Amino acid sequence: MLYASTRPGGTASAHIGDRRPARARRLLRASLATLLTTGLLGLAAQTSSAAPRSDAAAAGHDPVIMIPGMTGSPANMNAMQSSLRTNGWPADRLFTWTDSSSMTQDLAKAARELSAKVDQVRDRTGADKVVLATWSASTLAARYYIKNLDGADKVSQYIGIAGPQHGTANNGCQWYVSCQQFASPTTPFLRALNSPSEVPFNDRIDYLTIRSTADYNATPTDTASLAGADENYLMSGATAPNHLMIVSNAAALAKMRSFITAHEND
């Protein structure tokens with residue numbers, strides 16, 4: 001409150017306080033301390049609440065499991081992994097993997113091993129679902145997992161790159177069991193896999209295929225597409241990549257990234 005005091009000589013002046021200035025100073029100091037503490041607590045609360053939002057944004061992408069084809073190794077998917085990481089995917093949500101036979105034996109068995117890997121990734125990341133980014137023969141193992149095992153509730157997106165979805169004319173590899181399974185469109189494995197739908201549970205899972213006119217392993221070109229997929233992306237022209245280069249091709253990887261991002265909230 002304002003009160004009047006008289007200086008020597010009779011001059012009046014106004015002061016903030018009361019008749020007990022020491023108590024007023026103590027109260028003022030206490031009030032300032034309270035305001036300062038409240039402000040710091042508010043700032044701390046903002047900081048702590050911002051961190052989870054940032055973490056949540058970083059973890060917004062479903063984990064991606066990248067799987068090479070027959071006789072391949074996880075290292076074949078390093079360019080894909082690097083592409084995703086460079087474009088905002090957290091490193092701890094990116095996984096390269098293959099089954100115990102490198103996709104050379106029964107693809108149904110590979111699918112069962114994939115089921116275990118998906119559960120491991122979900123446990124490790126806390127994610128409900130994963131994205132399967134597959135190449136060549138692994139495109140079939142992943143579809144088998146979705147259709148016949150427990151993948152329907154654990155996969156959000158399926159990316160199939162250069163897969164022999166309907167067999168291949170380049171099938172001189174039949175000393176491998178998996179090659180026998182996709183040697184033609186009419187193998188028992190493919191007939192069962194492609195019926196009644198080539199995109200099982202597509203009400204829950206988004207499907208993208210990527211194929212190239214320069215691919216001489218998965219032939220003819222359209223063998224790599226899936227009826228009913230959300231998108232079947234065709235690469236053609238002078239810059240179209242071959243079977244080995246498609247999983248490191250910048251345009252193919254850009255397409256994969258844009259598809260994942262566009263469908264993440266489906």
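Structure: see above.
Now for a look at the structure at hand. Values in this document were obtained by computation on a predicted structure and should not be read as measured data.

### Description of the side chain of Asp206
Okay, step 1: Inspection of the secondary structure puts Asp206 in strand S7 (residues 206-212).
Okay, step 2: Buried within the structure, Asp206 lacks any salt-bridge partner; Lys129 is the closest side chain of opposite charge, at an N-O distance of 8.7 Å.
Okay, step 3: Contact partners of Asp206, with chain neighbours within four places excluded, come to Ser156, Gln157, Tyr158, Asp230, Phe259, His263 and Asp266.

### Some words on the nonpolar core
Okay, step 1: By size, the foremost hydrophobic cluster in this structure holds 33 residues, and its most contacted members are Ile65, Met103, Leu114, Leu132, Tyr145, Phe182 and Tyr207.
Okay, step 2: Elements that contribute at least two residues to this core include exactly strand S3 (64-67), helix H3 (107-125), strand S5 (130-135), helix H4 (138-148), strand S6 (155-161) and helix H6 (188-193).
Okay, step 3: Element by element, the count of residues in this core is highest for H3, at six residues.
Okay, step 4: Those residues in contact with Leu132 that sit more than four places away from it in its chain are Ile65, Leu114, Val118, Ala142, Tyr145, Val155, Gln157, Tyr158 and Ile159.
Okay, step 5: Of all hydrophobic cores here, the second largest spans 23 residues; its members include Leu84, Trp89, Ile210 and Ile246.

### Section: the packing of helix H2 (residues 78-86) against helix H7 (residues 250-263)
Okay, step 1: One way to put it is that H2 packs onto H7 with a least axis distance of 10 Å and a crossing angle of 50 degrees. By the angle between their axes, H2 is oblique relative to H7. By crossing handedness, the relation of H2 to H7 is classed as right-handed. For the pair H2 and H7, the contacting residues are Ala79, Met80, Ser83 and Leu84 in the first and Leu253, Met256 and Arg257 in the second.
Okay, step 2: Considering only residue class, the contact of H2 with H7 consists of five nonpolar, one polar and one charged.

So, how was this worked out
- Residues numbered from 1 in each chain as written.
- Predicted model: local features only at pLDDT ≥ 70, side-chain atom pairs only at ≥ 80, totals over all residues.
- Heavy atoms only, no water.
- Helix = DSSP H or I, 4+ residues; strand = E, 2+ residues; numbered from the N terminus.
- Buried < 20%, exposed > 50% of the residue type's maximum accessible area, 1.4 Å probe, protein only.
- Lys, Arg positive; Asp, Glu negative; His and termini not counted.
- Salt bridge = Lys/Arg side-chain N within 4 Å of Asp/Glu carboxyl O.
- Contact = heavy atoms within 4.5 Å.
- Core = buried A, V, L, I, M, F, W, Y, C linked by side-chain atoms within 4.5 Å.
- Axes fitted to C-alpha atoms, helices over the stretch in contact; angles between N-to-C directions.
- Parallel < 35°, antiparallel > 145°, perpendicular 65-115°, else oblique.
- Left-handed = near helix turned anticlockwise from the far one by under 90°.
- Nonpolar A, V, L, I, M, F, W, Y, C, P; charged D, E, K, R; others polar.

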